[in-house]
Amino acid sequence: MESVLLTPWGPGDFWLLERKNEPAMTRYLGGPEPAGKLLDRQRRYEALSAREPAAGRMFRVALEATGEGVGSVGFWEREWQGEPVYEAGWGVLPEFQGRGLAVAAVTALLAYARTHGTRDTVHAFPGTDHAASNAVCRRAGFACLGEFPFEYPPGVPHPSFDWCYRLRDLPRVPPTPPHPSLP
């Protein structure tokens, strides 16, 4: 697997958003966004990367050997099923896909979140129809918790898998003995 570098998202990374907005990259994400939404996304990515590390980060992904930008990966805070968690997302440009770069980027991201994060788990929600992203989750060590209705973009329901990665061990709670009247 090729090595990657993660660099916090900055003003010079807007071109990656433009490339990731092409139809081939947005097929499973509801299609390309208008220019105004891309500018808003750029501002959000820069703002996230300027906050304290535990809030999350967006990163530009580059090949370690050459420094060439190949995509993005990030994590951010959210509530999921009543719990504070992180959500992760990524994208590798088409000409760099199939080389294990997304797995390398997600693995590096999980190491960063383990070191700097304050939440116990990272979730990813690829569509059930997105075989490549589901494979990235599996190869990066996530556990599939099943299929859930998920909205992306907001307001657009999309059947997705909930993949979960534990950043740290949770305290074990002793099992409750079954009630005598239950089988």
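Residues numbered from 1 in each chain as written. Predicted model: local features only at pLDDT ≥ 70, side-chain atom pairs only at ≥ 80, totals over all residues. Heavy atoms only, no water.

Caption draft 1: Representation of the sheet that holds strand β2 (residues 56–63) within the structure. Strand order across the open sheet formed by seven strands is β1-β2-β3-β4-β5-β7-β6, with mixed pairing between neighbours. Single-partner strands in this sheet number two, and they are β1 (4–8) and β6 (143–151). For this sheet, the mean inter-axis angle between neighbouring strands, taken without regard to orientation, is 30 degrees. Sheet topology places β2 next to strand β3 (residues 69–80); seven bridges connect them, and they run antiparallel. (Pairing = 2+ DSSP bridges. Helix = DSSP H or I, 4+ residues; strand = E, 2+ residues; numbered from the N terminus. Axes fitted to C-alpha atoms, helices over the stretch in contact; angles between N-to-C directions.)

Caption draft 2: Expanded view of the environment of Val70. Take Val70: it is sitting in strand β3. Along the backbone, Val70 and Pro94 are 24 residues apart, and their C-alpha atoms lie at a distance of 8.9 Å. Look past the residues within four positions of Val70 in its chain and what remains in contact with it is Leu16, Val61, Ala62, Leu63, Gly91, Val92, Leu93, Phe96 and Leu101. (Contact = heavy atoms within 4.5 Å.)

Caption draft 3: Examining the nonpolar core more closely. Counting 40 residues, the largest nonpolar core has Val73, Trp90, Val106, Val122 and Phe142 as the members making the most contacts within it. Element by element, the count of residues in this core is highest for helix α4 (residues 101–116), at 10 residues. When sequence neighbours within four positions are dropped, the list of residues in contact with Val106 reads Val73, Trp90, Val136, Ala140 and Phe142. (Core = buried A, V, L, I, M, F, W, Y, C linked by side-chain atoms within 4.5 Å. Buried < 20%, exposed > 50% of the residue type's maximum accessible area, 1.4 Å probe, protein only.)

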